[in-house]
Amino acid sequence: MPQIVVLTGAGISAESGIATFRDADGLWEGHHVEDVATPEGFARDRATVQRFYDERRAALATVEPNAAHRALAELEETLGDALLVVTQNIDDLHERAGSKNVVHMHGELRKALCRACGVASPWDAALEAEPDCPGCGVADLRPDVVWFGEVPYEMDRITDALTDASLFVSIGTSGAVYPAAGFVQHARRHGAKTLELNLEPSEGSVFFHEARQGKAGELVPRWVREVLWG
């Protein structure tokens, strides 16, 4: 089991140019969240939701991993399976930076989930045209993204990792969205040290043993150097 569990949120990808999930006005890139990030929104206006995620998927080609992503990949090169990155982000910047031990608890933009057969397939094309599932041939694909009201992926694996970890680090998260917001308390209950690296204190900052404020691209490489070199 991993000795260090790192949770990453929208703040780590924001420095690469990816918009954070929800703006101060409650909108996600001009859309009401309930319209593009819920099963009900998909049922009401399937075409708009498909187009929304098609645009987000295409935008990934215009951004690159930043220093924070690269630092975590460097840490994994040394620690191997002793490090697990759990991300709330649906982009692929961790993988493109070189990280391999990554859990996407909210799914991935570059995958499509078939509602007919339940299989998730790698996907880079548009879904608005309603293509067939590469597995079963049924045209009932949706973004492989966990929406509000749905259960995040691999929660058993995440919970086990948090239980056994000696250090839990949260990077670029708001501390407002559960179940991720409760990870720090779970880790502390099982004896882990806890560290928050965030642009500003999160809603759950009080639960961490230590909190540092600043840009992820500066804080994360500095912390990784501490881990690797002391």
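So, here is what we can say about the structure in this document. Keep in mind the model is a prediction, meaning the values are calculated, not measured.

Conventions used here
Residues take numbers from 1 onward in each chain, read along the sequence in its written order. Totals for whole chains, interfaces and linings use all residues, but because this is a predicted model, local features are given only for residues with pLDDT of at least 70 and pairs of side-chain atoms are given and counted only at 80 or more. Values reported for side chains reflect all heavy atoms of the structure, with hydrogen atoms and water molecules removed beforehand. Each helix is a run of DSSP H or I of at least 4 residues and each strand a run of E of at least 2, with the numbering of both proceeding from the N terminus. In this treatment the radius of gyration is a C-alpha quantity, and the globule benchmark scales as 2.2 Å times the residue count to the 0.38 power. Between buried and exposed lies partly exposed: a residue is buried under 20% and exposed over 50% of the maximum accessible area for its type, with that area taken using a 1.4 Å probe on protein chains only. Note on contacts: a residue pair qualifies if any of its non-hydrogen atoms lie within 4.5 Å across the two residues. The protein chains shown are the only cover counted for residues, whose accessible areas, like all others here, come from Shrake-Rupley with a 1.4 Å probe.

We now examine the overall build of the chain. Tallying secondary structure elements over the chain gives nine helices and eleven strands in all. The C-alpha radius of gyration of the chain comes to 18 Å, within 12% of the 17 Å expected for a compact globule of 230 residues. Burial analysis of the chain (230 residues in total) assigns 49% to the buried set. When contacts within the chain are restricted to residue pairs at least 6 apart in sequence, long-range pairs at least 24 apart make up 63% of them. Roughly 10800 Å² of accessible area belongs to the chain as shown, and the carbon and sulfur atoms make up 51% of that amount.

P179 follows Y178 through a cis peptide bond whose omega is 10°. Mapped onto the elements of the fold, P179 is located in the loop between β9 (167–171) and α8 (183–189). Positive phi, close to 55°, is recorded for E130, a residue that is not glycine. Relative to the elements of secondary structure, E130 occurs in the loop between β7 (120–122) and β8 (141–145). Among the residues examined, E130 registers a relative accessible area of 26% and is labelled partly exposed. One non-glycine residue, E154, adopts positive backbone phi at about 55°.

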